[in-house]
Amino acid sequence: MPLSKTFDAQEAERRIYAAWEEAGAFAAGANASREESFCIMIPPPNVTGSLHMGHAFNNTLQDVLVRWHRMRGFDTLWQPGQDHAGIATQMVVERELARDGKRRTDFSREDFIDLVWKQKERSGGTIIGQLKRLGASCDWSRNAFTMAGAPGDTRVGHENSPDFHNAVMRVFVDMYRKGFIYRGKRLVNWDPHFETAISDLEVEQVETDGHMWRLRYPLADGETYEHPVEFDEDGNVTATETRDYLTVATTRPETMLGDTGIAVHPDDRRYAHLVGKEAILPLVGRRLRIVADDYADPEKGTGAVKMTPAHDFNDWAVGQRTGLRAINVMTPRAGMWLRDNPDFAEGCDADGLARVIEALDGLDRYEARDWIVRTAEEEGWLDGIDADRHMVPHGDRSKVAIEPYLTDQWFVDAEKIVGPAIDAVRDGRTTILPEADRKVYFHWLENIEPWCISRQLWWGHQIPVWYGPDRDDPAGGPREFCAATEAEAFDLAREYYGPGPEIRFGGQGAEWGGLREAAGDGVARFAEVTLARETDVLDTWFSSGLWPIGTLGWPEDTPELRRYFPTDVLITGFDIIFFWVARMMMMQYAVVGERPFDTVYVHALVRDEKGKKMSKSLGNVLDPLELIEEYGADAVRFTLTAMAAMGRDLRLSKERIAGYRNFGTKLWNAARFAEMNGAVGGGADVPAATAAVNRWILGETGRVREKVDAALDAFRFNEAADALYGFVWGKVCDWYVEFSKPLLQGEDEELRAETQAVMAWVIDQCLILLHPIMPFLTEELWGTLAERSKMLVHADWPGYTAAELADEAADREMGWVVSVIEEVRSARAQMHVPAGLYVPMLATEIGETGRAAWGRNEALIKRLARIESLEEVDGFPKGTVTVAVEGASLGLPLAGVIDVAEEKARLEKTLGKLEKEMGGLSGRLSNPKFVESAPEEVVDETRATLALKEDEAQRLRAALERLAEIG
């Protein structure tokens, strides 16, 4: 069936994708013809998520590499899957329950988790369908899920997924027994809405208009110090006053009830004699030790900083260095916890304690803030209030301010497992690209902190630890039994408690304990023991950290694990280098002693056309699915690939996408021209060629193949796209199609047949080389232009070289022809010669090579350059604009064609206006205040605008120089 006039992307893309799936085109090992394997693990999107621009960019680059390797015969696996996304997925269900006035606590844990599994079934396939619209060629038969095999799993949507839950449990137990995992009390990011610890990645900083409250804390035991109050013009202190208090500043007065110290800088002479002494905390009278620490900045405020180690990360660090107590004064809902809080009560005077408990206990943190500030003002220890715009951390999903919170959590002692992950990148076993992102990786890992892996949620991998009474100290803390299954936990407990007691498991949320009775020897022993399961679940990043081995079937010794691990490439965003990439490195080494991947390619951010980060609040978000509907997946994919310069953010615009859709249309039209001229079905063998134009295009094809392979091998996706764009549009669709017309329409049968064969082969090569980036349009053309033995997705990637195909004489001849046409066109455009007017061309000198090239291509040059004739003359007459090409001096006599004076006046006026605009732009960019204070995207846009205007000015000056020649 002949090609239609246009490519209907909306109809064809779904049809083509269904055909690929039906043929099993994406299955692991499909089209393999060589021993080497190639494996990419998809960064698993949230199971309830939908495709955004970052996904589209990331997955386009992955698909380009996967399709390229598959066509080259590698045993290829692109492993897909989704993450259970603990907080995000639970939030969806809780939000639905809230519409009916219910909370998760209205349900049993088992019933609530059943609701989440049902939600997962409803929404889990959404992003898979969206990735298919993009053209992602994953092996969907292997779709994995990070909660596969967990209690309640329905297997819907991940029928063939390995038992990921089993892998997670086994790893936790293994790391626990090796001493890599422990339970302890530390400061964490706490989301008061979800009542759980969250990771740094789930915290967003929100710039907020607030206040800085200055509070006076009396010095204990009659101590004083001299506080500067007057300064000379050089900043030297000229007067002081004696103070018996320290002024501290805070944006969170409600935390003062947890203060246990005041920090000053070790070199601050004002406070040197106070270090080791004490101040008194207003309201409750607690004595606060004054400590010396570099964290206190002498130049900031008064230089004295209140220390609340249980509610501030910096204060926690100071407290650890100086031995300050940490007192938690908040509930998990960010209310004040004062009553029945022995840590808070310790050291407080009875009257103050009773007063604040009566006034503040159970109050929301912000209500407590208002009371404390009001009381400070009334009692005279409020020193002042300053307006302060500062960053406040918020939960990215709850949108409430998070609290640094001291709580018992489970941690990975990351220092014990970080070494191999650092060494692997340092010695080159794993490469991180671009180079700058290695620094981020090393910074995080070389300054590693304990990794909080517990979350106070119900949806997730429940931590495999059971608690029972301590055999030797029943009134003390619990005994931990860490096991992958309940049966294994029972065996551990039986071994610990001995054969006597009955051991039972309490239900979810049950208390652990034991019943003791006296034995015959008078010694009390356990008669009954109740084991209680840890209620926390694991951080999503813990399970996704096992993604490379878990998706391949570990802990089973599967063929896939042996074949595809370590994987080859990970493509990911810069924002999760630590949260995911580094953790996969640490955990794979800790579990199987091997790197998870050879190369990590870190892509940049997709911004809008002005360089601003896309956000719903700015209204500049581009939806990839809407773009695919409007322009087609191929245009979106080519745009993203063409803009994927390593380490540089993309500036995406609809105009750019529309331009690449036009590129697809250009190729489609060239294919239609080939079809109408019998140039179809080229086959794999390079055709023989005698005509210079045919020998030339074969050489150009060899060159672009080498450029594409070299670019993709180096992960320079934009260079591959640029090479293909220049070749397909410029060399093939423009020059070669035009050059071929006289040959295809001429009387020489042999030359026509040769040109048909060459054009058919070249069009086929365009389709093959473009397929990884533009799979749909190329597959449609491939299947329509000729009968094929297999689909384009499995076509053999070419291995020819420029050295094999290039012909130096043909390159020189066609290069001369192209340069003549381009130079003539440029001169005509600059001189405003009417487009349809044919003008004569003169030559004062022309070498044999040029004369021969003209002779063989005269008709072509005349038609494309609008030349009436070529005449050799001794010299150019006045009014001739020169055209310089290799081996010839050519000229266009335009004296009677254009009005030189009028044209010169027009150009000078335009150039004058342009130079004025350039001066303004240059002035702004040379102003340090503008460069330093203006938003980065504004400065970048100004530079780009200036560069464009400078290019335009250069063209105008060149045109004026031409006019001067003839004038």
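Before going into details, it helps to say that this report is about the structure given with it. Everything quoted here is computed from the prediction, not taken from an experiment.

1. Points about the sheet that holds strand E15 (residues 382–395)
Judged by pairing direction, the sheet is antiparallel, and its three strands sit side by side in the order E10-E7-E15 without closing on themselves. Looking at the sheet topology across the chains shown, the edges are occupied by strand E10 (245–250) and E15. In this sheet, neighbouring strand axes are inclined to one another by 20° on average, regardless of whether the strands run parallel or antiparallel. Sheet contacts for helix H10 (residues 365–379): strand E7 (203–218) and E15; angle to E15, the most-contacted strand, approximately 165°.

2. Side note on the sheet that holds strand E6 (residues 196–198)
Read from one edge to the other, the open sheet built from four strands follows the order E6-E5-E16-E18, with strand pairing classed as antiparallel. Each end of this open sheet is capped by a strand with a single partner; those strands are E6 and strand E18 (451–452). Each of strand E5 (181–191) and strand E16 (403–412) touches helix H7 (residues 313–322); the most contacted strand, E5, lies at about 145° to it.

3. Topic: the pairing of strand E24 (residues 524–533)
Here strand E20 (residues 465–469) runs beside E24; their pairing, made up of two bridges, is antiparallel. Residue pairing in the sheet places Tyr467 in a bridge with Ala532 of E24. With four bridges connecting them, strand E22 (residues 502–505) and E24 associate as parallel partners. When the bridges of E24 are listed, Ile503 appears paired with Val529.

4. Observations concerning the nonpolar core
With 218 residues, the main nonpolar core has Phe542 and Phe739 as its most contacted residues. No other element matches helix H22 (residues 717–744), which puts 15 residues into this core. Residues within four places of Phe739 in sequence aside, it is in contact with Val693, Trp696, Met814, Val817, Val818, Ile821, Leu860 and Leu864. Listed in part, the 44 residues of the second largest apolar core include Trp190, Ile290, Ala304 and Leu353.

5. Observations regarding the packing of helix H19 (residues 633–642) against helix H20 (residues 654–676)
It is the contact of H19 with H20, at a shortest axis distance of 8 Å, that shows an interaxial angle of 115°. The angle between H19 and H20 falls in the class roughly perpendicular. Two packed elements cross with a definite hand, and for H19 against H20 that hand is right-handed. Judged by residue contacts, Ala635, Val636, Phe638, Thr639 and Ala642 of H19 engage Arg656, Ile657, Tyr660, Arg661 and Phe663 from H20. For the contact of H19 with H20, the per-class residue count stands at seven nonpolar, one polar and two charged.

6. So, helix H21 (residues 692–713)
In an α-helix, one turn spans 3.6 residues, which is why side chains three or four residues apart end up on the same side. Taking 1.5 Å per residue as the helical rise, H21 with its 22 residues ought to reach 32 Å, and the 32 Å between its terminal C-alpha atoms agrees with that figure. Counting buried positions over the 22 residues of H21 gives 17, a clear majority of the element. At the C-terminal side of H21, Phe715 shows a positive phi close to 60°.

7. With respect to the side chain of His227
Along the chain, His227 turns up in strand E8 (residues 225–231). At 3.4 Å, the side chain of His227 and the side chain of Arg243 are in polar contact. The contact partners of His227, leaving out residues within four places of it in the chain, are Ala239, Thr240, Glu241, Arg243 and Arg270.

8. Description of the environment of Gly29
Here Gly29 lies in the loop between helix H1 (9–22) and strand E1 (37–41). Gly29 gets classed as partly exposed once you look at its relative accessible area, which sits at 24%. Sequence separation between Gly29 and Asp139 is 110 residues; the distance between their C-alpha atoms is 9.7 Å. The contacts of Gly29, once residues within four sequence positions are left out, are Asp75, Thr76 and Tyr564.

9. So, the pattern of salt bridges
According to the stated counting rule, one finds 70 salt bridges in the structure shown. Linking Asp114 and Lys118 is a salt bridge whose minimum nitrogen-to-oxygen distance equals 2.6 Å. Separated by four residues within a single helix, Asp114 and Lys118 lie in helix H4 (residues 109–123), roughly one turn from each other. Judged by its relative accessible area of 35%, Asp114 is partly exposed. The partly exposed category is assigned to Lys118, whose relative accessible area is 39%.

Definitions and limits used
- Residues numbered from 1 in each chain as written.
- Predicted model: local features only at pLDDT ≥ 70, side-chain atom pairs only at ≥ 80, totals over all residues.
- Heavy atoms only, no water.
- Pairing = 2+ DSSP bridges.
- Helix = DSSP H or I, 4+ residues; strand = E, 2+ residues; numbered from the N terminus.
- Axes fitted to C-alpha atoms, helices over the stretch in contact; angles between N-to-C directions.
- Contact = heavy atoms within 4.5 Å.
- Core = buried A, V, L, I, M, F, W, Y, C linked by side-chain atoms within 4.5 Å.
- Buried < 20%, exposed > 50% of the residue type's maximum accessible area, 1.4 Å probe, protein only.
- Parallel < 35°, antiparallel > 145°, perpendicular 65-115°, else oblique.
- Left-handed = near helix turned anticlockwise from the far one by under 90°.
- Nonpolar A, V, L, I, M, F, W, Y, C, P; charged D, E, K, R; others polar.
- Expected span 1.5 Å × (residues − 1).
- Polar contact = N/O pair within 3.5 Å; in protein donor to acceptor, adjacent residues only side chain to side chain.
- Salt bridge = Lys/Arg side-chain N within 4 Å of Asp/Glu carboxyl O.

All we've got here are geometric facts, nothing functional implied.
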